[in-house]
Structures are given as structure tokens and as C-alpha cells.
Amino acid sequence: MAENPSSRNTESNTYIIDTENAAEMARLLDQERLFTEAMGGPFSERDKEEMANIHDILDIACGPGGWVLDVARTYPHIQVTGADISPSMIHYAQAQAEAQQLPNAHFRVMSAMEPFTFPDNSFDIVNARAIVGFMPRSYWPTFLQECKRILRPEGIIRLTEGEMGFGTTPAFETLVSKGIEAIFRVGQSFSSTGRHLGITPVLSRLIREAGFEHVQAQAYAIDHSYGTKAYRGFTEDYKMMFSLGRNFYLKTQILTPEEFDQLYAQVLEELASPDFSAIAYLLNSWGEKPREA
Ligand SMILES: C[S@@+](CC[C@H](N)C(=O)[O-])C[C@H]1O[C@@H](n2cnc3c(N)ncnc32)[C@H](O)[C@@H]1O
């Protein structure tokens, strides 16, 4: 495991939750499973034959490595590398790869907001999912150029972003919208009003503007209302996400501690109610690096 010392959890870490908090890692372990399941597996848009020509994949901001391990297990001929700013998540992921005897899974500590240490033309696919929580709006074009540089000609950039928390109960709606407004305040939203994250409407355009071709997208809607299969997983995720995000709400002064605590207590009641209704959307968008780039 290689480590880039400049990518430790410092002032330059723009993620909305402390990346070294063990509870955040536990949350991401569940969340990555929820997302991959909702998307029908790690590569539902590609059949086995298409994957036969793929040899090297990079997953940026891999968290505790669930997606990388899924790919390594499903496609033993592929070398798959996960990179994340969090040393503890990378340690965990590496230990899992060893325990699960997946020698084709590799991990390294790396920031997605610095030039990558990989040479040009290193990968057939560069994947990144749910990075809006740390990526400033202004850095997306640079990030995509770096992805393009390390992709081989005809290599694929594959991004997945979502909007969570479309619900109908008052405290839940308020806490979600205040969180989105706080993300807007720190410059990580594409919305012009802060009403939503705004990343999914622009995702394909960003990929196209970075010079990729044949851009395609697939959307997923995940109903996690009371009584659905996804209900328990998503509601546990919300509880953790709000609680771990408390500092972010306070730091951005979007809520006072008293306002947050009162809303959070009410959210717990709403999540447990049989009336709880909510939906999340994910958009998977991908494009190809031109043969002559
Ligand atoms: C919402 S999680 C997404 C994890 C995983 N991609 C998934 O789909 O489940 C965001 C991840 O970004 C990582 N992260 C935060 N800032 C980063 C940065 N500057 N460079 C790379 N990773 C970063 C966090 O440690 C966290 O694991």
C-alpha cells in the first residue's frame, strides 16, 4: 500500500464528514452495499464479454473498498485499484483483500484533488461514485482531465452520483434541505439556489466537456419507504449520516446546535413511522476517451 503523506486528514480535506471516524467507515460499508445492490451489481451496464477486454480499473474515493472487492471477486482477470484520502479506510480495505484472498485488489492512499501519481494511459476504466461530498464544483474539470490522462485511448470514465432524501415528513425534509444548502455554501453544489445538489443534471455534460465521446447514462430510483426492502438500510444510513454530519451543519452555521438537535430527535421519530416515504436517485454516466486524445 503506497501512502501519499500530503493526503492525510487535514485542512485540505473537504469531505463533509471526518474521514478517520470509524463510525463513518461503518456507515460507508453499508452504504456502498446499498448502492451496488440498487445498481444491479458493480457493472450492470456491461456484460461479461465486454469485461473480457478490461484489464486495469481504478476506483477513486473507494471508501472501505466494497466496490473494488466486488469487482476483484467477480472478474479475477482484472487488476483493480482503490484510492481514497483516508488511511484508515485504505488499511481496512487492504486487510479485506488479503483475508478474502483477492490478490488482484490493490489500495492506496491518495487525494482526488491533487495530480494523480499514475502514469499516462494506465487504466481501461476509471470509476468514481459519490464524490460530490468532497469535490468542489470548480475542481470537477481538472479532476476529469486527470482521469482522462491516466485512461488509455478508448478507456472509460464512469461516474455515479445521486440525490438522496426526497421524503415527505417535516423534520426529515428540513434536515436534508439544510444539509444540501450547507453543501451549496461550501461550493460543492451545481445548483444556483442551493435547493438540490445539482450534480446529476450536469454529470453527462461534464464528461462530454472534458472531451469524452459516446457519453451514456443510466438512472436508478430507490424507494426506501417504510415496508420496502431498502427501508432499513437507508434509514440506518440517514441516522448515521445526520449524526456524523452534525459538525458540518454547525460549522457552516446553517443550523444552531439547538435547532439541529431538535430536528434530529424529530427525524428519528419520523424514520420509525409507518408513514415514512422516501426515494433516492442515482445516475451512472460514462464516456469514452477518444482514440486520438
Ligand atoms: C460517500 S464516500 C463514497 C465511497 C465509495 N465511492 C462508494 O461509492 O461507496 C466518499 C469517500 O470519499 C473519500 N474522500 C474524501 N475526500 C477525498 C479526496 N480529496 N480524495 C479522495 N477521496 C476522498 C472519503 O474518505 C470517502 O471514503
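Residues numbered from 1 in each chain as written. Predicted model: local features only at pLDDT ≥ 70, side-chain atom pairs only at ≥ 80, totals over all residues. Heavy atoms only, no water.

A. Layout of helix α10 (residues 257-272). Over its 16 residues, α10 extends 23 Å from the first C-alpha to the last, a length consistent with the 22 Å expected when each residue adds 1.5 Å. Every buried residue belonging to α10 is among Phe260, Leu263, Tyr264, Val267, Glu270 and Leu271, and all of these are buried. Looking straight down α10, one finds its buried side chains confined to an arc of 125°; they lie on one side. Turned more than 90 degrees away from the buried face of α10 sit Glu258, Gln262, Glu269 and Ala272, all of them exposed. Looking at the buried positions of α10, the neighbouring elements they touch are α6 (170-185), α8 (231-244) and α9 (246-251). (Helix = DSSP H or I, 4+ residues; strand = E, 2+ residues; numbered from the N terminus. Expected span 1.5 Å × (residues − 1). Buried < 20%, exposed > 50% of the residue type's maximum accessible area, 1.4 Å probe, protein only. Arc of directions from axis to C-beta. Contact = heavy atoms within 4.5 Å.)

B. Broad picture of the packing of aromatic side chains. For the structure shown, the criterion picks out 16 aromatic pairs. Between Phe116 and Phe143, the ring centres sit 6.3 Å apart and the planes meet at 85°, which makes this aromatic pair edge-to-face. One end of the pair, Phe116, is in the loop between β3 (105-109) and β4 (123-129); the other, Phe143, is in helix α5 (residues 140-150), with 27 residues separating them in the sequence. The two residues Phe116 and Phe143 agree in class, both being buried. Residues Tyr231 and Phe276 carry aromatic rings whose centres are separated by 6.4 Å and whose planes lie at 55° to one another, so their mutual orientation is tilted. Here Phe276 lies in the loop between α10 and β7 (278-288) and Tyr231 lies in helix α8, a separation of 45 residues in the sequence. Across the pair, exposure class does not vary: Tyr231 and Phe276 are buried alike. An aromatic cluster of at least three residues, connected via ring pairs, comprises Phe172, Tyr226, Tyr231, Phe234, Tyr238, Phe242 and Phe276. (Phe/Tyr/Trp six-rings, centres within 6.5 Å; stacked < 30°, edge-to-face > 60°.)

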